[in-house]
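# Coordinates in review
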Amino acid sequence: MDTRQILMAMMSAAMLANAEVTMKKEWRELTKAEERVIVDKGTEPPRTGKFDKFFESGFYTCRRCAAVLYRSDNKFDSACGWPAFDDAVYGAVKQVPDADGRRTEILCNNCGGHLGHVFVGERLTPANTRHCVNSISMDFISQEAAAERLKKAVFAGGCFWGVEYYLQQMPGVIAVISGYTGGRKANPTYEEVCSGRSGHIEAVEVLYDPALINYAALAKRFFEIHDPTQVDRQGPDKGEQYKSAIFYADEEQKKIVEALIGQLKARQYKVVTELKALSVFYPAELYHQDYYFKNKKTPFCHSPVSRFE
Ligand SMILES: [Zn+2]
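Residues numbered from 1 in each chain as written. Predicted model: local features only at pLDDT ≥ 70, side-chain atom pairs only at ≥ 80, totals over all residues.

### Quick look at the overall build of the protein chain
So the rule is basically this: Only DSSP runs of H or I reaching four residues or more are called helices, and only runs of E reaching two or more are called strands; each is numbered from the N terminus. It is over C-alpha atoms that the radius of gyration is taken, and the globule rule equals 2.2 Å times the number of residues to the power 0.38. A residue is called partly exposed when the number of other C-beta atoms within 10 Å of its own lies between 12 and 20, exposed at 12 or fewer, and buried at 20 or more, with C-beta atoms placed from the backbone. Placing C-beta atoms from the backbone, we regard two residues as in contact once those atoms come within 7 Å.
Of the regular secondary structure elements, the protein chain holds eight helices and 17 strands. Relative to the compact-globule value of 19 Å for 309 residues, the protein chain shows a C-alpha radius of gyration of 21 Å, a close match. In the protein chain, which comprises 309 residues, the proportion classed as buried is 36%. Counting contacts in the protein chain only where the partners sit at least 6 residues apart, residues at least 24 apart contribute 69% of the total.

Written out as structure tokens, the structure is:
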């Protein structure tokens, strides 16, 4: 950034800091202590927060508006006295220059609540980033509680790396897992699926927050990041394991997909996407997860195309 850009960013941060945030009725009412941090941008004393030494599996949400901010698999012990994460849920956390002119402040992207600060270059984890967050700005929901609140969608559109890459970037998407479904054997390996003989296809499981994004928006995006007219292939990847398919979890999802396919057919797209009831989804090997993000590459097998109005 040049000086002008930095000044502009600082001005917008100051404007944001001064702007009256309008409380929404669905937001939690804050205690005085919460308000001191979340609204007045205070900092809780180190080693006092309830999530400082807390490492259960689940999700961290905004204390005020309940948006999902962090996943427990990104939490690490930084020994600094506050909860630390090396990444946030995509699009959930906004970074702005701090009023002190040195640090970078982090805010809930949904309600603007103050979370803490982000530091880069400390080499504490491979991601080289530390979101230093006040415990009081967050709530925790366990995997079990998340299963009640969050929803799942399964899409197959060729190589899972590319589908994962684009769906992961939608606000409201909490996590995308690359994996296999539709085949005969439990826990297939990548080699077995690639052979084309196991009957599985490459797919992604999307975990999303229905309060922030709906299934129709996800399915629409899916139809625009892969080519639903290609039979048993997607770009350079050929074989039944790369076919276009949507695995619906309930009748509502099925109806939404049927309506979208209807819209595409009305626009002369010869859609071949198969619509199937969801069976078991098997996560793929770890090295396939977040492939493009980890390797700092962009997809060569998928690119977005507008197909709806
Ligand atoms: Zn919030």
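### Considering the sheet that holds strand β9 (residues 138-142)
For clarity, the cut-off: Pairing between strands is defined by DSSP: at least two bridges between the two strands are required. Convention adopted: a line fitted to C-alpha atoms gives each axis, helices being fitted over their contacting stretch, and angles between N-to-C directions are expressed from 0 to 180 degrees.
Strand order in the open sheet formed by three strands is β2-β1-β9, with antiparallel pairing between adjacent strands. Each having just a single partner strand, β2 (68-71) and β9 make up the two edges of the open sheet. Across this sheet, the average inter-strand angle for adjacent strands is 30°, counted without regard to direction. As paired strands, strand β1 (residues 58-62) and β9 are joined by five bridges and run antiparallel to one another. Opposite Tyr60, over in β9, you have Phe140 as the bridge partner.

### Remarks on the domain arrangement of the protein chain
What counts is decided by this rule: Per the annotation, domain bounds derive from an automatic or database assignment of domains.
Taken domain by domain, the protein chain consists of domain 1 (3-142) and domain 2 (150-294). When each unit is reduced to the centre of its C-alpha atoms, the spacing between domain 1 and domain 2 is 32 Å. Taken together, the contacts link seven residues of domain 1 with eight residues of domain 2.

### Considering the nonpolar core
Soluble globular proteins tend to bury their nonpolar side chains together. Quick reminder of the rule: The term nonpolar core refers to a set of buried Ala, Val, Leu, Ile, Met, Phe, Trp, Tyr and Cys residues connected through C-beta atoms within 7 Å.
Among the nonpolar cores identified, the biggest contains 63 residues, and Leu69 and Phe155 are the most heavily contacted of them. In this structure, this core is formed jointly by two domains, domain 1 (3-142) and domain 2 (150-294), each of which donates at least three residues. Apart from residues lying up to four places away in sequence, Phe155 is in contact with Val163, Ala203, Val204, Val206, Phe222 and Ile246.

### Here we look at the packing of helix α6 (residues 215-225) against helix α7 (residues 251-266)
Our working rule: Angular relationships are summarised with four words: roughly parallel below 35 degrees, roughly antiparallel beyond 145, roughly perpendicular across 65 to 115, and oblique for the angles in between. Take the far helix as the reference: if the near one is turned anticlockwise from it by less than a right angle, the crossing is left-handed, and if turned clockwise, right-handed. Note on residue categories: nonpolar means Ala, Val, Leu, Ile, Met, Phe, Trp, Tyr, Cys or Pro, charged means Asp, Glu, Lys or Arg, and polar means any other residue, Gly included.
Between α6 and α7, whose axes approach to 10 Å, the crossing angle comes to 40°. By the criterion of interaxial angle, the relationship of α6 to α7 is oblique. In this structure, α6 crosses over α7, and the sense of that crossing is right-handed. Between α6 and α7, the contacting residues are Tyr215, Ala216, Ala219, Lys220 and Phe223 on the first element and Gln253, Ile256, Val257, Leu260 and Leu264 on the second. Of the residues assigned to the contact of α6 with α7, the class counts are eight nonpolar, one polar and one charged.

### Focus on the confidence of the model for the protein chain
Where we set the bar: Each residue carries a pLDDT score, the predictor's own confidence in it, on a scale running from 0 to 100.
Of all residues in the protein chain, 93% have pLDDT values of 70 or greater, and the mean over the chain is 89. Here residues 1-19 is modelled with pLDDT under 50, and outside its nearest four sequence neighbours on either side it reaches ten contacts, counting other chains as well.

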